[in-house]
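Summary of structural features
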Amino acid sequence: MPIATPEVYNEMLDRAKAGRFAYPAINVTSTQTLHAALRGFAEAESDGIIQISTGGAEFLGGQYNKDMVTGAVALAEFAHIVAEKYPVNIALHTDHCPKDKLDGYVRPLLELSRKRVEAGMNPLFQSHMWDGSAETLADNLEIAQELLAAAAAAKIILEVEITPTGGEEDGVSHEINDELYTTVEDAVRTAEALGLGEKGRYLLAASFGNVHGVYKPGNVVLRPELLKDLQEGVAAKFGKQNPFDFVFHGGSGSTEQEIATALDNGVVKMNLDTDTQYAFTRPIADHMFRNYDGVLKVDGEVGNKKTYDPRSWGKLAEKSMAERVAKACADLRSTGTRMK
């Protein structure tokens with residue numbers, strides 16, 4: 001199937017919310033990790049979301065000039081071609097973009113998609129994220145209003161993060177403390193500024209103790225039941241039941257019960273990066289250790305081309321990451337839910 005149209009993406013999100021499941025949103029940094037994500041979704045018979053962070057886009061742009069827009073556009077165009085060979089619907093998304101990178105990343109990509117839509121085409125990406133969590137909520141929402149209008153004009157969904165997620169993601173970091181919990185007041189102010197769909201659809205990354213990266217049990221207290229409070233608080237003021245489509249950030253290490261509670265309270269997208277990075281790299285490390293005398297020209301020997309050929313370990317990495325993506329689909333209840 002091709003990359004999801006705006007209409008298909010909206011239907012995907014509607015089906016997830018109604019069915020109380022979520023799509024894994026898999027960060028990719030190469031054509032190899034892209035194929036691994038696509039394969040994982042296909043094997044799980046789940047539609048899904050593939051995303052590129054600012055750091056991922058910079059890496060994809062090449063180390064000669066590190067241009068984020070070039071990197072993101074190149075992989076997106078590649079995805080539009082190869083995704084047709086996989087029997088699932090895939091939405092393309094750009095992950096965390098802070099204020100100082102908007103002009104070098106999200107705004108140019110929005111403009112590119114606007115021109116595509118004006119020419120009768122679909123947007124290149126289906127959604128973009130604005131990470132204003134480092135700003136005051138007032139400044140965050142002011143910028144979000146501008147970006148939401150631009151996104152709606154390009155048939156794109158905006159993702160907003162209104163309060164901090166702990167840990168570090170592509171240079172944006174927040175301490176792990178009591179501020180990692182969104183309040184009902186924060187949610188109400190968001191609804192007042194961005195509306196509840198009439199100004200354009202958006203996904204909301206609210207904070208309920210989330211932390212990016214890897215952490216041991218006990219270091220972080222997740223409170224996914226808080227999402228229900230946000231839904232009910234805004235519903236009471238605006239008269240719209242379950243008004244938000246939530247995103248779960250920093251989910252590595254979460255328990256099955258924490259994930260289930262989040263899904264029951266409106267999470268439709270859950271980001272996955274740390275776990276898939278490890279799944280991709282682990283078999284490569286194993287291959288190198290097992291075949292060190294083949295991948296290295298030890299003591300004047302010639303090595304073994306079959307073991308240092310990137311395809312030999314790349315296939316193992318793709319398989320392992322695809323299996324982790326399929327597991328994420330099972331954890332998020334999206335297995336077998338693909339739209340025909």
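Here the structure is a predicted model, which means the values were calculated and not measured. (Residues numbered from 1 in each chain as written. Predicted model: local features only at pLDDT ≥ 70, side-chain atom pairs only at ≥ 80, totals over all residues. Heavy atoms only, no water.)

On to the pattern of salt bridges. One pass over the structure, following the stated rule, counts 18 salt bridges. Across the salt bridge formed by Glu111 and Arg114, the nearest N and O atoms sit 2.5 Å from each other. Taken together, the positions of Glu111 and Arg114, both in helix H5 (residues 106-118) and three residues apart, correspond to about one turn of that helix. Among the residues examined, Glu111 registers a relative accessible area of 31% and is labelled partly exposed. Between Lys319 and Glu323 there is a salt bridge whose closest N-O contact spans 2.6 Å. One end of the pair is Lys319 and the other is Glu323, both in helix H13 (residues 310-331) and four residues apart, which spans about a single turn. (Salt bridge = Lys/Arg side-chain N within 4 Å of Asp/Glu carboxyl O. Helix = DSSP H or I, 4+ residues; strand = E, 2+ residues; numbered from the N terminus. Buried < 20%, exposed > 50% of the residue type's maximum accessible area, 1.4 Å probe, protein only.)

Another aspect to go through is unusual backbone geometry. Within the chain, Asp299 stands out as a residue other than glycine whose phi angle is a positive 50°. Position of Asp299 among the secondary structure elements: in the loop between helix H11 (292-295) and helix H12 (305-308). Positive phi outside glycine occurs at Arg333, with the angle close to 70°.

On to the packing of helix H2 (residues 31-44) against helix H4 (residues 68-82), then. Any two packed helices are characterised by how steeply their axes cross, that is the angle between the axes, and by the distance between the axes. Across the interface, H2 lies against H4 with an axial gap of 11 Å and an inter-helix angle of 40°. Taken together, the axes of H2 and H4 lie oblique to each other. With respect to the hand of their crossing, H2 and H4 are arranged in right-handed fashion. Of the residues in H4, those in contact with Thr31, Leu34, His35 and Leu38 of H2 are Leu75, Phe78, Ala79 and Val82. Here the contact of H2 with H4 is built from residues that sort into six nonpolar, two polar and no charged. (Axes fitted to C-alpha atoms, helices over the stretch in contact; angles between N-to-C directions. Parallel < 35°, antiparallel > 145°, perpendicular 65-115°, else oblique. Left-handed = near helix turned anticlockwise from the far one by under 90°. Contact = heavy atoms within 4.5 Å. Nonpolar A, V, L, I, M, F, W, Y, C, P; charged D, E, K, R; others polar.)

Before going further, it helps to examine the confidence of the model for the protein. Per-residue pLDDT for the protein averages 93, and the proportion of residues at 70 or more is 93%. A low-confidence stretch, residues 171-177 (pLDDT under 50), is modelled with 17 contacts involving residues beyond four sequence positions or located in other chains. (pLDDT = per-residue confidence, 0-100.)

By secondary structure assignment, the location of His93 is in strand E3 (residues 90-94). Residues in contact with His93, not counting those within four places in the same chain, are Ile49, Ile50, Gln51, Ile52, Phe125, Ser127, His128, Met129, Glu159 and Lys269.

With 13 residues, H5 ought to run about 18 Å at 1.5 Å a step, and its terminal C-alpha atoms sit 18 Å apart, in line with that. Along H5, the residues that are buried comprise Val106, Leu109, Leu110, Ser113, Arg116 and Val117. One side of H5 holds all its buried residues, which, seen down the axis, span an arc of 120°. Projecting away from the buried face of H5 at angles above 90 degrees are the exposed residues Lys115 and Glu118. Buried residues belonging to H5 abut H4, E3, strand E4 (127-131) and helix H6 (137-153). In the segment just after H5, Gly120 is the residue with positive phi, at about 90°. (Expected span 1.5 Å × (residues − 1). Arc of directions from axis to C-beta.)

Quick look at the nonpolar core now. Judged by nonpolar contacts, the single largest core of 82 residues is most densely connected at Ile50, Tyr105, Val160 and Phe244. Excluding residues that lie within four positions of it along the chain, Val160 makes contacts with Trp130, Ala144, Leu194, Tyr202, Leu203, Leu204 and Ala205. Judged by nonpolar contacts, the second largest core, of 16 residues, contains Met12, Phe21, Val247 and Met339. (Core = buried A, V, L, I, M, F, W, Y, C linked by side-chain atoms within 4.5 Å.)

With that settled, the discussion passes to the packing of aromatic side chains. Applying the stated rule across the entire model yields three aromatic pairs. Between the aromatic rings of Phe21 and Tyr23, the centroid separation amounts to 5.4 Å while the plane-to-plane angle is 85°, which identifies the pairing as edge-to-face. What makes Phe21 buried here is its relative accessible area of 6%. Judged by relative accessible area, which is 0%, Tyr23 ranks as buried. Ring geometry for Phe244 and Phe246: centres 5.6 Å apart, planes at 45°, overall tilted. As far as burial versus exposure is concerned, Phe244 and Phe246 are alike and both buried. It is Arg223 that lies over the ring of Tyr181; its NZ or CZ is 5.0 Å from the centre. The side chain of Lys237 reaches across the aromatic face of Phe238, ending 6.0 Å from its centre. (Phe/Tyr/Trp six-rings, centres within 6.5 Å; stacked < 30°, edge-to-face > 60°. Lys NZ or Arg CZ within 6 Å of the ring centre and 35° of its normal.)

Over its 13 residues, helix H8 (residues 226-238) runs 19 Å from end to end, which matches the ideal 18 Å to within 8%, given 1.5 Å per residue. Of all the residues in H8, the buried ones are Leu226, Leu227, Leu230, Gln231, Val234 and Ala235. At the exit of H8 stands Gly239, carrying a positive phi of roughly 75°.

To continue, consider the environment of His287. By secondary structure assignment, the location of His287 is in helix H10 (residues 274-290). Accessibility expressed as a relative area gives 9% for His287, which makes it buried. Between the C-alpha atom of His287 and that of Ala260, which follows or precedes it by 27 residues, the distance is 36 Å. Setting aside residues no more than four positions away along its own chain, His287 makes contact with Val295, Thr307, Ser312, Trp313 and Leu316.

Of all five residues in strand E5 (residues 157-161), five are buried, a share of seventy percent or more. Across the two faces of E5 the burial is the same, with Ile157, Glu159 and Glu161 and Leu158 and Val160 all buried. Both E4 and E5 contribute to a ladder of five bridges, which runs parallel. Paired with Met129 across the bridge in E5 is Glu159. Sheet analysis places E5 next to strand E8 (residues 202-205), joined by four bridges and oriented parallel. Bridging across to E8, Glu161 finds its partner in Ala205. (Pairing = 2+ DSSP bridges.)

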